[in-house]
Structures are given as C-alpha cells and as structure tokens.
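Read off the chains here:
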Amino acid sequence: MTGEGSKTTTGEAEVYVLGRETRPGRDGWSVTYWAWSAEGPVRLRLPPQKAVFFVPTDIATERGERRPVELRTLDGRAVDAIYFANKHDRDREAARLREAHTPAWEDDVKPADRYLMERFVTAGARVRGPVRSEGGIRTFLRPRFEPADVVPDLCVSSFDVESEGIDGPLISVAVVTGDEERVFVRGEGPDLDGVSYYSDERGALTGFLSYIAERDPDVLIGWNCIDFDLAYLEDRCRALGVPFTLGRDRLRAAVLRGDAQTASVARVPGRVVLDGITTMRAATWSFERWGLEHVAQALLGRGKAIEKTGDAVEEILRLYREDLPALIEYNLEDCRLVRDIFQEAHVLEFAIERQRLTGLTMDRRAGAVSSFDHLYLPRLHRKGRVAPSTGTNPEPIRSPGGYVLDSIPGIHRDVLVLDFKSLYPSLIRTFRIDPYGLALGLEKGTGLEKGTGLEGFGNALFDRDNHILPALIEELWAARDEAKRKKDAALSRAIKILMNSFYGVLGTPACRFYDPRLASSITLKGHDVLQRSKTWIEERGYKVIYGDTDSLFVLAGSEEGDAIGTTLAQELNDWWQAEIRGAYGVESALEVEFETHYRRFLMPTMRGSSAGSKKRYAGTVETPKGPKLIIKGLEAIRTDWTPLARRFQVELFRRVFAEEEYASWIRDLTGRLFEGDLDDELIFRKRIRRPLDEYKATGAPPHVVAARQIGGDVRHVEYVMTTRGAQPVGHVSATLDYHHYLEKQLAPAGDVILGFLGDSVMRLGGRQLSLF
C-alpha cells in the first residue's frame, strides 16, 4: 500500500472481539477478527493458521505434518499432533481415520476458535503488533493476543424495513441510533426531519447502505431482523444489482438461510446483528407471544404506531398511498420499540456478558456445547490431555432426570419452599464430577479407602484433587455472587444460565465429553440429596407435601412460617456440611435457601385421578402491595387455553384463597358467556408446526381444521369453536358453541380447585344450559 494511511507502525490496543472471518487457502486458513476499541473499530489479521488434530502415536497417518507432543488422550494413550495447511488434506485424512475406526482427536476444532481459546480469550483482549490503516480502519498484522477485561461501549442502531410484501419492492428503511432517527423512503413526500426521499428503490437502498457506512454502528438490532429484514434487503439488492455492502469497509454482507432444523445466520463483516427474539430467548425471557406488539406492551406499556388490521400489508400500502407521514412514524416507532425493549430488558448487556464468559460471539443463537468447549479444552490441554472429536461418542444412554416426589393434593395453609441454590453445579463442585477427574479416577483405580477418589454412579470414580469443572464452577459462583451484590442483573443472568447448562451439556451425545456416568452421577446425587433432605425435615415434625429436582414444599402448620423456613434452611445446611465432611472428607457446596412462604397453596390432582399432580400448583404470597397469586403449570398460564378460561381460573383462585364468595360470580359469568358478552375472549391461538398436508385428512386437531379453511402457508391460526366445529377468525359462519366452552374450558379450569371444596363449575353454572 502507498500513501500516509498505509504506513505500518507498531501498535497496541484493548479490544472486544465482535466477529471473525475465516477462509481456507494454500498456506493455511486466513483468519481475521473484527473488534471494538475505544479508539474505533479494529481489524486483526492473523498469519496463515494451520489446522491441527491429534492421533495416538501407534496410529499411522497419510497426510499432514506429524509432530510429537507431550499430550495424551483421556484414556491415557500418548498422541502426536498432525498439522495441515490445506483444508482438503485435513478433511480427507480425518474422514479416512474415521472410516478405519481410529478417529482423530479434536479434528472438528476450527483454527479461528482454537487460536482464541488456547489464549484464554473469550471477548476482551490486549493486542500488540504491526498496525496500519486499511480503508480507514486500524488493521493489526500478525498481532499477539492476551486476555483482558474489556467492557465495550457499543454503538447500536435499530432498523426496520417496510415493503410491498415479502417479494415486493422496498417502501422504506428506518434506522434509530440513540435519539438519532433516519428514514430512507422510495417516493416523494413532505419535508420531515431525518427523512430522505428517492425516486426509485435503488436510490433508497443505496442511501440506507451509505448511511450505515457513515454512521458505522457496531451492532444492528431488530425484530425477526435476520429472517425478514436482512434477508429481504439482500434479495432486493441482488434483484437490482446493488452490492449489499452492509459490512465495515463496505464489505458485502450475506444471510445464510436456515431451514426447519437450522437458524438463519447473518454475516456482516465488522458488525454484529442481534435479533431481539432469539437473543431474549437465549436470556430465558418468555412471553405468551413473541410479536413486537405483544412484547412491547408487556415490557414498555406501549405498542405499534398503527392499529392492527386483518391485512397488515394492505394497511401499510394504504398509508403509503394516503398518509405517508403516518407510515414513516410507524416505521420509526418499530425501531424505537426494539431499542427500548433492549434497554428495558438489558438484552445487549446480556449478550456482552455471555460472550465475556463463554467466548461465543454475541450473535450466536445457541451454543451451550461450544461454550463448554471454549472454557474446558484449553484447561484440559494444560493438564496434558486432549479430547475426543464430536460425533465419536458411544451410543447414547438416557440418564435419569431430576427427582420428583409424590405430592399430597389439597388446599393447604402456610407452605414453605426450601430451594437448593444451583443444585447441579453445587453437586459437581462437591463430588468433583468432571470429565478429566473421571479419566484420572478410572486410570488410577483409587478408592475411597485410599482417600483419593469419590465414587459416582455406574462405577464412576472421580479424582478428589485433580479436576477442572468444579474449580471453574467455583470461579463462576463467586463471580455471580459479586454480580448480585453489585445488582448487575445481566451478568448474574448470564452466569446462572452458563452454570446450569453444564449438566445438560455433559448429558448430550453432541458434547465431545459425553459419558452417561457424568450426567447420572449428577442427577442421582440430586435424587439422594432430595430424598434424604425430605427425611430430615419430616424427622423434625414437618410434612413435605411435594418436591421437584431442587425444591421441597414443606407444610409449616403455623403462620410463623418465615421464621420456621429460615431456621430449617440453616439447620439443613449445617447437617449436610457435617454429613458430607464425615462421609467423603470434602466440604459441601450445597446451599439451601428459604425461598417462598405460600399463605394459601393448591396442589391439584391429576385429571381423572385422586393422585397428586406434578409440576402444577398455585398459591398466594404476601407482598408489600398485598397478596400475590403465583401459578405454575396450570391452565391460567398456558397459551393454548382461551383468554376467558385463563382469566376465570385466576379470579377463581384469588376468591378461594381470599375466602371470598364465588358461586354467584360463576353463575353470572356463565350467564354472560351464553348471552354472547364474552365472545372476544373465546379465541384459541395455536401454532401450526408442520405443513398442513402432513396432518391426517380426517381426525385432524381443531387448529389444523381451522387453518385448512384459510389455506396457504399458515404458521399461526386464531379460531373459535362453533356448532359446526372449529372455524378461523374472520371466516366464522356458525353460532359459537357455548356448551363446548363451558364443559371443555371453564369446567376443567375451575374444578381443579373447586373439587376440594365439594363443588363444580357445572353444578354452579350448568343451570344456564336450560335457558338455550
């Protein structure tokens, strides 16, 4: 390069990795990392990287450069490292070894991932090396990396597209960056701040892309923005011959389209694209519906700028023709809603902290197994061992799930919930459950009598002193306690999700460390802890009416439940400390917390049985604002029940728990049902999970019957039950079947509690049947 901008100097920077680009070449893999720094965006170019995997020393290889290393497999065999500069050779040699039933170890680890993980870099790094300007971007050549604690201050732009249908031309693109608002519109309109008009679609697309290049955000956010907005923009650019240069340095972006099994992926060099829905789901947020209107109303108390109509595209086209300022405001408000949802729910902060913890880039939709690899593999290598490749595990063996105690049904008073804080991670810490520790324990063959091994299940034996995962969890546990002390909700949530993922990772064959002895040793220890804790509590005169995985529900029998719960939790902790220290010679990491005091509590029966149900209950707790109703697993929180049945159950529970009159209220409500006053609450909303032609022609469920009356590619359907069966909203031609709603919706929702009072919905509301 020539000119002042191309001068190469030596530089240093603290960066936060945003993404990576990898391309195989003749001399190795070309790896470029894009990163944020306080001084502006940074590009980090590595020298060509070789791929490496490992084979036992007694296994012959035909390709690659073989080098001796001081490493062994988990089962103790010495290995050599095989290096490849050529992807074709790497893939062919790995395939040959698998076909010979002598698979290589770690042949699936990508060079770009290995480079960072071996340096313990998850997100933040300090880089040093030659640096020059390329396209106005500081570019490090052959930089040296070391981990650093970097919290980025990212520039975020929320964007939204309006179009004449999914295949129609572009109408407008809105972008909101902080309080800065811009809209790029095809056509002519009034002079409005931040609005640019273009004579054709090409001009509007080019204007948007130029603005992004100039404004240069680190992160693009939206709602379903990868599968629709970005994919649509890419398609329109392709159709019009406009380069889709959404990346930094005006590099081309692309959407790798997903299918039923895989999610779509956005490739935007130098920038991160975060979809609000998938990122919030990763952060364990849950909503009845994931439409922007519904989530915005739930979190922000406001929604879209125009009323919902039967045909959203038609309404947009009407506004485009008749009221362009209203359409522009609608476009902008969608961007504002996404921006404000991200702020209210700390979505960006969660994505940042998740990457800082795991090494997964912010835009990864899932990746518990990859997170585990990034944290575990380099630590395993420092112990002198290598890991199997994924896909080489034995046939999976189902491990036991969490232990669920039989429940005692009824309406109870003063029920206490004792909860084992992060039970599975604490069991891993306490009993040293760990892939490396298992390998050492089996290798040494040590037993408890020698004081160096801890027994698991399935003849598992874990090394007491040499392990990786327990120490890693201990670090995370301390970090979460500190995050909670600082009220850092995003970091606390990210750590909790990560720690709780470890059990699931070890129990899936998709994990390279899968061994049924690992997951079983966790869950069966959990069974033992729950059962013995129940016995301990009942020996002190209290009745345990239910238990599930990590929680016990205790009948206090006294209004002084808070004091009883606090005392029980402390004494149970002390007992477990003494028990584990005496039996195993290690310190217990189990921590029981007094979590909840239900003043009134319902444990229902299973339908059609007198036996107590599981994972379904309700109760009231006292709060400064008065009694609060909590419902788990029952109809009131199930989206496949009608709004009326759900509202009915909530109010009925409230009345019963508060000992208020309910009989005349039920009679009044059922009367209004048959009079047609409640029709708006009788709509079922369900998702169509398969193409309609894959369902049976006869005997299909009601939502499929309703969807077939609409026709086309229906993903969600709203319908009602009529005297002629299920009919979709907007296509109802028969009278609503109020008997169906009474018998199949209100009665089951109400009798779950009325049965304990010797009453029923049909007895109280069934008199209405004689009127019609």
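Residues numbered from 1 in each chain as written. Predicted model: local features only at pLDDT ≥ 70, side-chain atom pairs only at ≥ 80, totals over all residues. Heavy atoms only, no water.

### A word on the packing of aromatic side chains
The cut-off we apply is this: Between the rings of Phe, Tyr and Trp (Trp by its six-membered ring), a pair exists once the centres lie within 6.5 Å; its type follows the angle of the planes, with under 30 degrees stacked, over 60 edge-to-face, and the other angles tilted. Classification of residues uses two cut-offs on accessible area relative to the type maximum, computed with a 1.4 Å probe and protein chains only: under 20% is buried, over 50% is exposed, and between them is partly exposed. Lysine NZ or arginine CZ positioned within 6 Å of the ring centre and within 35 degrees of the ring normal marks a charge as sitting over the ring.
Scanning the entire structure with this criterion turns up 30 aromatic pairs. Measuring from centroid to centroid gives 5.0 Å for phenylalanine 287 and tryptophan 290, while their planes differ by 85°, and the two rings are edge-to-face. Residue tryptophan 290 is classed as buried on the basis of its relative accessible area, which comes to 15%. Joined through ring pairs, the aromatic side chains of Tyr546, Phe553, Tyr598, Phe601 and Tyr617 make up one cluster. Note that arginine 119 overlies the ring of tyrosine 115, its terminal NZ or CZ placed 3.6 Å from the centroid. Residue placement shows arginine 690 over the ring face of tyrosine 695; its charged tip is 4.2 Å from the ring centre.

### Quick notes on the side chain of arginine 248
Worth spelling out the cut-off: Strands here mean DSSP runs of E at least two residues long; helices mean DSSP runs of H or I at least four residues long; both are numbered from the N terminus. Within 3.5 Å is the distance limit for a polar contact, defined as a pair of N or O atoms, with the added protein rule that one can donate a hydrogen and the other accept it, and that residues adjacent in sequence qualify only through two side-chain atoms. Contacts were defined at the residue level, with two residues in contact if any of their heavy atoms lie within 4.5 Å.
For arginine 248, the position within the fold is in the loop between helix H4 (225–240) and strand E15 (254–256). Within the structure, arginine 248 has its side chain in polar contact with the backbone oxygen of glycine 270 (distance 2.7 Å). For arginine 248, the residues in contact, after removing those within four places along its chain, are Leu18, Trp34, Pro41, Ile137, Asp216, Pro217, Asp218, Pro269, Gly270 and Arg271.

### Remarks on the packing of helix H10 (residues 368–382) against helix H14 (residues 489–506)
To keep things clear, this is the line we draw: To obtain an axis, a line is fitted to C-alpha atoms, over the contacting stretch when the element is a helix, and the angle between two such axes runs from 0 to 180 degrees between their N-to-C directions. In this scheme, roughly parallel covers angles under 35 degrees and roughly antiparallel covers those over 145, while 65 to 115 is roughly perpendicular and the rest are oblique. The residue classification treats Ala, Val, Leu, Ile, Met, Phe, Trp, Tyr, Cys and Pro as nonpolar and Asp, Glu, Lys and Arg as charged. All others, Gly included, are polar.
Closest axis-to-axis distance for the H10/H14 pair is 9 Å, and the angle between their directions is 100°. Classed by the angle they form, the pair H10 and H14 counts as roughly perpendicular. Every residue of H14 that contacts H10 at Ala368, Val369, Ser371, Phe372 and Leu375 is listed here: Leu498, Ser501, Phe502, Val505 and Leu506. A per-class count over the contact of H10 with H14 returns eight nonpolar, two polar and no charged.

### Some details on the sheet that holds strand E4 (residues 51–56)
Counted only if it meets this: Pairing between two strands requires that DSSP report at least two bridges joining them.
Strand order in the open sheet formed by three strands is E4-E6-E5, with antiparallel pairing between adjacent strands. Strand pairing shows two members of the sheet lacking a second neighbour, E4 and strand E5 (65–72), which therefore form its edges. Adjacent strand axes in the sheet meet at a mean angle of 35° when their direction is disregarded. In terms of strand pairing, E4 meets strand E6 (residues 78–84) through six bridges, oriented antiparallel. Along E6, the bridge assignment pairs phenylalanine 54 with alanine 81. Running at roughly 25° to E4, helix H1 (residues 87–99) makes contact with E4 and E6 of the sheet.

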